[in-house]
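Listed below, chain by chain, are the residues.
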Amino acid sequence: MEKLTITTRFCETDALGHINNTSYFIYLEEARIKFFQQLGYGMNLQDWNFILASTKCDFLSQGYFNQKLVISTYISKIGSKSFQLEHDITCDETNVFIAKANAIIVYFNFKEQRSENIPDLFRAQLENHLEVK
């Protein structure tokens, strides 16, 4: 499980005073990028083999400006050509769940414009982060 702590900014809130729902998807993207970096994949687009097929976020509690949020990221499922990332977003101070999210990532060949089987070496890396809850 990889963890990322962010501090929410004023511009990420809405007229109701809580974090706007669209801001969470920015946090999730940052968590995915950090997750891939931890696996050894940088942002070199010539070597990038991942495409986001689906993402979902359930909002459980309100988040606010200047709140520290912890995003815990792990793998819940590995298929032949895709895998599912899970994100638990909690308040750093209280450990209260703010949101739960997931993303389906497809291993993708951009030159050929088609999905491919996940290579064995990468599958082994993913399995190190597999958590079935």
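Nothing here was measured: the structure is a model prediction, and the numbers come from that model.

Asker: Go over helix H1 (residues 21–38) with me, naming the residues and quoting the values.
Answerer: Along its 18 residues, H1 runs 27 Å from first to last C-alpha, staying within 8% of the 26 Å computed at 1.5 Å per residue. Within H1, the full set of buried residues consists of Ser23, Tyr24, Tyr27, Leu28, Ala31, Arg32, Phe35 and Phe36. Where the residues of H1 are buried, they touch strand S1 (2–7), strand S2 (50–59), strand S3 (68–78), strand S4 (82–91), strand S5 (97–109) and helix H2 (120–127). Following H1 by one or two positions, glycine 40 adopts a phi angle in the positive range, close to 100°.

Asker: Before we move on, could you go through the packing of aromatic side chains and cite the residues and values that matter?
Answerer: Applying the stated criterion to the full structure yields 16 aromatic pairs. Here the aromatic rings of tryptophan 48 and phenylalanine 50 are separated by 5.0 Å at their centres, their planes lie at 80°, and the arrangement is edge-to-face. Ring geometry for phenylalanine 108 against phenylalanine 110: centres 4.9 Å apart, planes inclined by 70°, an arrangement best described as edge-to-face. Feature note: the residues Phe35, Phe36, Tyr41, Trp48, Phe50, Phe83, Tyr107 and Phe122 constitute an aromatic cluster, connected by ring pairs.

Asker: A description of unusual backbone geometry should follow, citing residues and the corresponding values.
Answerer: Unusually for a residue other than glycine, asparagine 66 sits at a positive phi of about 70°. The topology assignment puts asparagine 66 in the loop between S2 and S3. Residue asparagine 95 is not a glycine yet carries a positive backbone phi of 65°. Here asparagine 95 falls in the exposed class, since its relative accessible area comes to 56%.

What counts as what
Residues numbered from 1 in each chain as written. Predicted model: local features only at pLDDT ≥ 70, side-chain atom pairs only at ≥ 80, totals over all residues. Heavy atoms only, no water. Helix = DSSP H or I, 4+ residues; strand = E, 2+ residues; numbered from the N terminus. Expected span 1.5 Å × (residues − 1). Buried < 20%, exposed > 50% of the residue type's maximum accessible area, 1.4 Å probe, protein only. Contact = heavy atoms within 4.5 Å. Phe/Tyr/Trp six-rings, centres within 6.5 Å; stacked < 30°, edge-to-face > 60°.

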